[in-house]
Amino acid sequence: MDASGRGRLLNRLADLLERDRQQLASLETLDNGKPYNISFAVDLELTIKCYRYYAGWADKVQGKTIPVEGDFFVYTRHEPVGVCGQIIPWNFPLLMQAWKLGPAIACGNVVVMKPAEQTPLSALHVANLIREAGFPPGVINVLPGYGPTAGAAIAKHEKVDKVAFTGSTEVGKLIPQYAAQSNLKRVTLELGGKSPNIVLADADLDYAVEMSHFGLFFNQGQCCCAGSRLFVEEKIYNKFVEKSVERAKKRTVGDPFDARNEQGPQVDEDQMNKILALIDSGKRDGAKLATGGRRVGSRGYFIEPTVFADVKDDMRIANEEIFGPVMQIIKFKDMDEIIERANKTVYGLAASIFTRDLDKAMHLTQAIRAGTVWINAYDNFDASAPFGGFKQSGNGRELGEYGLQNYTEVKCVHIKVPQKNS
């Protein structure tokens, strides 16, 4: 198939997602628990834009001519890697499917994708749309199953040329081992985070409070890049805590199909219990529980929006990825101190800085070890902007032109010519 044909198929798939947007948003909310209005307006919007973005790239993946010494014409080809195994998580099923399918197909690969066992429904509906769009049989294969069986089989398979995994750092550490034990397949990983969100004293306080609330509680706190280490400068700390507690108390929790609710249930009982256990650890370690901390009701996996103050760097809640609606607010004194403390983590997925001083913002941006830094914003995503982590938050980048690099092999061709005219 010509490269332009791959672009047309991806655009056709995006058209079908537009057509079935309401049904897909409903499936996403039923499976995951996120509010329907978020599924419809955010997840589907970004998913459709991602497919269209990579549809545009399909006929623009190209090599170079290289002016080597001697009578040779040398050029490079960017060829498909081959069979790509892709394993996606449960927190953004449709969007993570698009992040992986888009660049893989644009570059001419074939895919075996395993959706998370907790949230397979929207991925299976998209599989039907892929068939309806006219993709050749066998190009995209959606394989539901459990991680230790289906996921491990993909990572270990001798005929899979590359595996891309998004999920926990714990499981992410297994994927390269499986690759090495089999055929040394290429591996890209997007893993966990404990991202620092730094609020300087000169920031717009009300805006920083609202954006920090969004950066932590969005998607029930189930975001790998959530601003879950919230560092606030000493001069404004007490006021920031007070306003953050007020905002958390106003956050509405309940039926995700009710547009009045900002927060739905956690994805399942295991996740709810993990979050509640970490809340208990925060109380035991001496953090001040300012609001929340309990399950909401006895049906469903709802948790109160929770805020801890007086959190210390050595507490579990300041180090472990909670993946839930639990905010930790930590005090700091000055710029030199915050750089060291912000980087004192095994993770390096994202960070944010709230300040009116651009010099301070740029100084912190260069000093913080993270793959994405937002300044006076949080969770700003675009299909053209790369995303990925430093350290144990993974390797490789998804989205943008950088995301294509994971899905091609570079072949260099040398042709002997009688005479080269330079």
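What you see is a predicted model, and the numbers here were worked out from it, not measured in a lab.

Criteria and thresholds
Within any chain, residue numbers begin from 1 and follow the written order of that chain's sequence. pLDDT decides what is reported in this predicted model: residues at 70 or higher carry local features, side-chain atom pairs at 80 or more are listed and counted, and totals for whole chains, interfaces and linings draw on all residues regardless. The side-chain figures draw on all heavy atoms in the structure; neither hydrogens nor water molecules are used. Helix numbering and strand numbering both begin at the N terminus, where a helix is a DSSP run of H or I of at least 4 residues and a strand a DSSP run of E of at least 2. Here, residues are in contact when the closest pair of their heavy atoms is within 4.5 Å. Three exposure classes are used, based on accessible area relative to the maximum for each residue type with a 1.4 Å probe and protein chains only: buried under 20%, partly exposed in between, and exposed over 50%. We treat two strands as partners when DSSP finds at least two bridges between them. Call a crossover right-handed when, viewed with both strands pointing away from you, the route from the first strand across the helix to the second goes clockwise. Criterion for a salt bridge: a side-chain nitrogen of Lys or Arg within 4 Å of a carboxyl oxygen of Asp or Glu.

**Student:** Quick rundown of the environment of Ala-201? Include the residues and the values.
**Tutor:** Note that Ala-201 resides in the loop between β8 (196–199) and α9 (205–217). When near neighbours in sequence (up to four residues on either side) are disregarded, Ala-201 contacts Glu-233, Lys-235 and Ile-236.

**Student:** Before we move on, can you summarise the pairing of strand β14 (residues 350–354) with the specific residues and values?
**Tutor:** Judged by how many residues are buried, β14 sits mostly within the fold: five of five residues are covered. Neither face of β14 is exposed, since Ala-350, Ser-352 and Phe-354 on one face and Ala-351 and Ile-353 on the opposite face are all buried. Bridge analysis of β8 against β14 gives three bridges, and the strand direction is parallel. Directly across from Ile-198, in β14, lies its bridge partner Ile-353. As judged from the four bridges shared by β14 and strand β15 (residues 372–375), these two strands associate in the parallel manner. Each bridged residue has a counterpart across the sheet, and for Ala-350 the counterpart in β15 is Thr-372. In this view, the connection linking β14 to its parallel neighbour β15 by way of helix α13 (residues 358–367) has right-handed handedness.

**Student:** Quick rundown of the pattern of salt bridges? Include the residues and the values.
**Tutor:** Under the criterion given, the structure shown has 24 salt bridges. A salt bridge links Arg-21 to Glu-45; its shortest N-O distance comes to 2.8 Å. With a gap of 24 residues between them, Arg-21 in helix α2 (residues 21–32) and Glu-45 in helix α3 (residues 36–57) connect regions that are remote in the sequence. The exposure class of Glu-45 is partly exposed, given its relative accessible area of 27%. When salt bridges that share partners are traced, they join Glu-18, Arg-21, Glu-45 and Lys-49 into one network.

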